[in-house]
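So you can see what is in the structure, the chains are spelled out below.
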Amino acid sequence: MKQVRVNIRSVANAATIRREQRNGRDLIIVPSATLPDDVVMNGILYPADEIAKSFKGLERTPAPLGHPTLNGRFLSARDPEGLNAHYIGAWNENVRQEGGRVLLDKVIDVEVANRTEGGKSVLSAIEKGGPIHTSTGLLCRLEAANGQAGHSKIARSMEFDHDAIMLDEQGAATPEQGVGMLVNAQGEQEEIEVINSALAEADRDLDWALESVARALEKRERAPLLDRMKTVLLQALGLEGSPSEQLNKDAEMTVSKEQLDALSAKVDALSESHASMVASHNEVVNSIKVMTDAHAQAVANQKAQDVAEHTDLVGKVVAANLLDEDTAKELTLNALRKLAPQATPGKAAALNAAYKPTGAKAEYQLPEGD
């Protein structure tokens, strides 16, 4: 079987591009797709089972700007000279099969991309929001199809090298216009034929149209009240274009009484709806204010009580000679509460009934007969 290199061009949908941060680095993620199952390009069939056996080889491969070349000949994106000339800080990841085609994400490190003119051009194209072309570079062996209808060759033993980002480069139109270079097992470079193909983009265009409609409907749902009122006004007047266009077209048009009545009714309904929303909002605000005021008053009352209690306890502690006034004032209310029982005067102990005061005159009784 003959070995060839195939470059398969496709288009990434700019509407699905997203941004994220990893390890503190700003990244741009460009979802793309390649190789549908059993696709036929340039008379070559790419069987689903061959794709399934090899597509994972795209994981963590380079995503250079354009197919790397050296002296006008294609070479591997992993080749050092290819990396030097075409690397813009982008690689391929999250490779998977869904819906009968290979899907993958191109991850672009913004800081690295900004170091080269090519990387800056890619970032600029992404900002403009247009479609971003991609092209998968792979090696395969071509097997004769033995006269089967629809194709003359079958791709076998596919080996993915990279999935490139393409801007203005379209690639060669025919195999005769491209030659590639491959490093063989002996470390020598050999020339191989290059076939440039492009996936049909009709399905992708349909996907874009559907996504555009979905985004438009979402924006319409989020439209502010004023925009909706404008829409109602235009519809009621039978107008479909923008206000400025219709003013230029229909500056002299007349409006019937029925149209004015219908318009008035719709405007009244919108006004009532808006007034109801405002009233509900005001009720919520007033309720919150009542609760906030009540809480503030409760806090103020409690603070006043605490101040009064603190002053009273300071007086008691000082009067009991437990602390001087300055020290007592520095204590917290809880500390004063614990100290307060010691400042309460105790009851005097009961006197002993047998006790006689010192100096009292004793009464003696003389014995009888003396």
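Residues numbered from 1 in each chain as written. Predicted model: local features only at pLDDT ≥ 70, side-chain atom pairs only at ≥ 80, totals over all residues. Heavy atoms only, no water.

**Here's the deal with a nonpolar patch on the surface**
A contiguous nonpolar patch, built from Val284, Ile288 and Met291 and spanning about 310 Å² of accessible area, is present on the exposed surface. With respect to the helices and strands, valine 284 occurs in helix α8 (residues 257–319). (Patch = residues over 30% accessible without salt bridge, like charges linked within 9 Å, V, L, I, M, F, W, Y side chains within 5 Å. Areas by Shrake-Rupley, 256 points an atom, 1.4 Å probe, with all protein chains shown as cover. Salt bridge = Lys/Arg side-chain N within 4 Å of Asp/Glu carboxyl O. Helix = DSSP H or I, 4+ residues; strand = E, 2+ residues; numbered from the N terminus.)

**Structural notes on the side chain of serine 54**
The residue serine 54 is located in helix α1 (residues 48–54) in this model. Using a relative accessible area of 9% as the deciding quantity, one classes serine 54 as buried. Sequence-distant contacts of serine 54, defined by excluding residues within four places in its chain, comprise Met158 and Phe160. (Buried < 20%, exposed > 50% of the residue type's maximum accessible area, 1.4 Å probe, protein only. Contact = heavy atoms within 4.5 Å.)

**Section: the pairing of strand β11 (residues 153–166)**
Among the 14 residues of β11, ten are classified as buried, and the element is accordingly described as predominantly covered. Pairing of strand β5 (residues 44–46) with β11, which is carried by two bridges, proceeds in the parallel orientation. Pairing of leucine 45 across the sheet is with isoleucine 154, part of β11. Bridge count for strand β10 (residues 132–144) against β11 is eleven bridges, and the pairing is antiparallel. Following the sheet pairing, glutamate 143 is matched in β11 by isoleucine 154. (Pairing = 2+ DSSP bridges.)

**Considerations on the environment of valine 318**
Looking at the secondary structure, you find valine 318 in helix α8. Overall, the relative accessible area of 27% leaves valine 318 in the partly exposed class. Taking the C-alpha atoms as reference points, valine 318 and alanine 328, ten residues apart in sequence, are found 7.2 Å from one another. If near-sequence neighbours (up to four positions away) are discounted, valine 318 is found in contact with Leu323, Asp324, Glu325 and Ala328.

**Quick look at unusual backbone geometry**
Although it is not a glycine, serine 157 sits at a positive phi angle of roughly 50°. One non-glycine residue, asparagine 321, lies in positive phi territory at about 60°. Locating asparagine 321 in the fold gives a position in the loop between α8 and α9 (325–330).

**So, the pattern of salt bridges**
Between side chains of opposite charge, pairing is possible as soon as their charged atoms come close. Counted under the stated rule, the structure contains 20 salt bridges. For glutamate 98, the salt bridge identified is with arginine 96, shortest N-O distance 3.4 Å. By relative accessible area, which is 23% here, arginine 96 ends up partly exposed. Here aspartate 105 ties to arginine 96 by a salt bridge, and the two come within 3.7 Å at their closest N and O atoms. Classification of aspartate 105 as buried rests on a relative accessible area of 4%. One network of salt bridges, with partners in common, ties together Arg18, Arg96, Glu98 and Asp105.

**What about the pairing of strand β9 (residues 101–109)?**
Every other side chain in a regular strand lies on the same face of the sheet, so the side chains alternate between the two faces. The buried count for β9 comes to eight of nine residues, which makes it a mostly enclosed element. Sheet analysis places strand β8 (residues 90–98) next to β9, joined by seven bridges and oriented antiparallel. Note on β9: the bridge partner recorded for arginine 96 is leucine 103. Between β8 and β9, which pair antiparallel in sequence order, lie two residues; one of them, glycine 99, sits at a positive phi of approximately 60°.

Functional significance is not addressed by these values, which are geometric in nature.
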